[in-house]
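These are the residues of each chain, in order.
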Amino acid sequence: MSGRSIPTKRRWLRWTAILLLLTLALLGKGYWNATRDPIVHRATVEVDNWPAGEPPLKVLLLSDTHAAGPDMPPERLARIVADLNRLKPDLVLIPGDLVSEKRLATHIYTPGEVTAPLHGFKARLGTVAALGNHDHWFDPKAIEAGLRKGGIAVLKNEAIARGPLVIGGVDDDFSNHDDVPATFSAMDMLPAKPRILVTHSPDVVPALPSPVAAVFAGHTHCGQIVLPLYGPISYVSRYGDRFGCGAINDKGQRVFVGAGLGTSILPLRYGAHPDVWLVTLRGKGEQ
């Protein structure tokens, strides 16, 4: 009996070691995916009421930075910002979730530390942000102050005019801070120009009283963990995959939902690469 038990024990140890190595390899691949440079997706939107003679305008969508250790220290975010400046966007939109307090975080940064890298954007029409659910759960006043310190406009159910655009900012739907009617009222008070919206969760889209040229959002992470045969674990949306990821035409309303740069809960990504969107707005028929 004892002679046969030794090979059995060795086989058990061998299979345990193999399983451990496979688990480590899978986790390592997920972490590597999460820390890769973002893909730059490009799209063009033709706008009906684009001002005559106004050149096309490039809008950069950068969502869910989720600064936290180990995968998104401020130094990494600053490097990404410097790289994205090479795209020469005219306007940068940041739809929230700048912080992350995920369970496996190795370091939680201060509001000042997570917002400082975003000051590095050099778009001619500036940077406009809306807060996300993690920002509201963390320290919204300090995060807003950190953004404004770098000249970044923070819209909380408000609107501003920048260049040929009116930009409405709907506050976060997921944490119940959104007010679509107030945002549209604020846009109505500004000159009649093409309208766009920046908001953390795309779930506000069905509540829009009238279409805008484009809605720019994040929140879903494009699923973050997308399993073979099963798909995304969750888009964290009450509409399922309706606003799950990417460039969407929802009953005529153009919506762009970024996968984001950082991570939530776990510092892992599978099947949902970090990304940004560079969307060119222009008049119909223009090149």
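A quick note: this is a predicted structure, and the numbers were derived from the prediction, not measured. (Residues numbered from 1 in each chain as written. Predicted model: local features only at pLDDT ≥ 70, side-chain atom pairs only at ≥ 80, totals over all residues. Heavy atoms only, no water.)

Participant: Quick one: what's the story with the packing of aromatic side chains, residue by residue and with numbers?
Facilitator: A complete count under the given rule lists four aromatic pairs for this structure. With a centroid separation of 5.7 Å and 85° between ring planes, the pair formed by Tyr239 and Phe243 is classed as edge-to-face. Put simply, the rings of Phe216, Phe256 and Trp277 pair up and form one aromatic cluster. Here Arg242 stacks its cationic end above the ring of Tyr239, 5.2 Å away from the centre of that ring. (Phe/Tyr/Trp six-rings, centres within 6.5 Å; stacked < 30°, edge-to-face > 60°. Lys NZ or Arg CZ within 6 Å of the ring centre and 35° of its normal.)

Participant: Explain the side chain of Thr220 residue by residue, including any values.
Facilitator: For Thr220, the location among the structural elements is in the loop between strand S9 (214-217) and strand S10 (226-227). Taking relative accessible area as the criterion, Thr220 reaches 2% and is therefore assigned buried. Excluding its chain neighbours within four sequence positions, the residues that come into contact with Thr220 are Pro202, Ser234, Tyr235, Phe243, Gly244, Val257 and Gly258. (Helix = DSSP H or I, 4+ residues; strand = E, 2+ residues; numbered from the N terminus. Buried < 20%, exposed > 50% of the residue type's maximum accessible area, 1.4 Å probe, protein only. Contact = heavy atoms within 4.5 Å.)

Participant: Describe the sheet that holds strand S8 (residues 195-199), naming the residues involved and giving the relevant values.
Facilitator: In a beta sheet, neighbouring strands are held together by backbone hydrogen bonds and run either parallel or antiparallel to one another. If you trace the six strands from one edge of the open sheet to the other, you get S6-S7-S8-S9-S13-S12, paired in mixed fashion. Edge positions in the open sheet fall to strand S6 (158-162) and strand S12 (246-250), since each of these has one partner strand only. Averaged over all neighbouring strand pairs, the angle between strand axes comes to 20°, with direction disregarded. Relative to strand S13 (residues 253-257), S9 is paired through three bridges, and the arrangement is parallel. Its bridge partner lying in S13, Phe216 is registered against Phe256. Along the sheet face, helix H6 (residues 180-188) touches S6, strand S7 (165-170) and S8 and points at about 145° away from the line of S8. (Pairing = 2+ DSSP bridges. Axes fitted to C-alpha atoms, helices over the stretch in contact; angles between N-to-C directions.)

Participant: I'd like a rundown of the state of the cysteines, residues and numbers included.
Facilitator: For the structure shown, the criterion picks out one disulfide. At a sulfur-sulfur separation of 2.0 Å, the disulfide partner of Cys222 is Cys245. Where Cys222 bonds to Cys245 through sulfur, the torsion about that S-S bond is close to 80°, and the disulfide is right-handed. Separated by 23 residues along the polypeptide, Cys222 in the loop between S9 and S10 and Cys245 in the loop between strand S11 (231-232) and S12 bring together distant segments of the chain. (Disulfide = S-S within 2.5 Å.)

Participant: Residues and numbers for the nonpolar core, please.
Facilitator: Taken as a class, soluble globular proteins show a tendency for nonpolar side chains to be buried jointly. Counting residues in hydrophobic clusters, the biggest one holds 27 residues, and the most contacted among them are Leu60, Leu62, Leu84, Ile94, Leu118, Phe121 and Leu147. Listing elements by their share of this core, those giving two or more residues are helix H2 (74-84), strand S3 (91-94), helix H5 (140-149) and strand S14 (275-283). Within the second largest apolar cluster, 24 residues are counted, among which are Ala43, Val45, Leu125 and Ile167. (Core = buried A, V, L, I, M, F, W, Y, C linked by side-chain atoms within 4.5 Å.)

Participant: Describe the sheet that holds strand S5 (residues 153-154), with residues and values.
Facilitator: Strand order in the open sheet formed by six strands is S1-S14-S2-S3-S4-S5, and the pairing between neighbours is mixed. Edge positions in the open sheet fall to strand S1 (39-47) and S5, since each of these has one partner strand only. Bridge count for strand S4 (residues 127-129) against S5 is two bridges, and the pairing is parallel. In the sheet register, Ala129 faces S5, and the bridge partner there is Val154.

Participant: Can you lay out a nonpolar patch on the surface for me, pointing to particular residues and giving the numbers?
Facilitator: Residues Leu20, Leu21, Leu24 and Leu27 make up a contiguous nonpolar surface patch of roughly 400 Å² in combined accessible area. Along the chain, Leu21 falls in helix H1 (residues 2-34). (Patch = residues over 30% accessible without salt bridge, like charges linked within 9 Å, V, L, I, M, F, W, Y side chains within 5 Å. Areas by Shrake-Rupley, 256 points an atom, 1.4 Å probe, with all protein chains shown as cover. Salt bridge = Lys/Arg side-chain N within 4 Å of Asp/Glu carboxyl O.)

Participant: Help me get a handle on the pairing of S12, residues and values and all.
Facilitator: As paired strands, S12 and S13 are joined by five bridges and run antiparallel to one another. Counterpart to Ile248 in the pairing with S13 is Val255. Remark: two residues form the turn of the hairpin made by S12 and S13, two consecutive strands paired antiparallel; Lys251 in that turn has positive phi of roughly 55°.

Participant: Residues and numbers for the environment of Ala67, please.
Facilitator: Its place among the elements puts Ala67 in the loop between strand S2 (57-61) and H2. A relative accessible area of 2% places Ala67 in the buried class. Sequence separation of Ala67 and Pro38 is 29 residues, and the distance between their C-alpha atoms is 15 Å. Once you skip the residues sitting within four places of it in the chain, Ala67 turns out to touch Met72, Leu98, Val99, Ser100, Tyr109 and Val114.

Participant: If you had to explain the pattern of salt bridges to someone new, which residues and values would you point to?
Facilitator: Per the counting criterion, the structure on display carries twelve salt bridges. Put simply, Arg238 and Asp173 hold a salt bridge, and the shortest N to O gap is 2.9 Å. Of this pair, Arg238 sits in the loop between S11 and S12 while Asp173 is found in the loop between S7 and H6, placing the two residues 65 residues apart along the sequence. Residue Arg238 is classed as exposed on the basis of its relative accessible area of 55%. Exposure remark for Asp173: the relative accessible area of 7% places this residue in the buried category. Each of Asp37, Arg79, Asp83 and Arg86 takes part in a single network of salt bridges with overlapping partners.

Participant: Can you explain H6? Please cite residues and give values.
Facilitator: Residues lying three or four places apart along an α-helix face the same way, a consequence of the helix completing one turn every 3.6 residues. Regarding H6, the residues found buried are Val180, Thr183, Phe184 and Met187. Buried residues of H6, seen end-on, are gathered within an arc of 95° and therefore sit on one face of the element. Exposed positions of H6 whose direction lies more than 90 degrees from the buried face are Pro181 and Asp188. Looking at the buried residues of H6, the elements they touch are S6, S7 and S8. (Arc of directions from axis to C-beta.)

Don't take any of this as a statement about function, it's just geometry.
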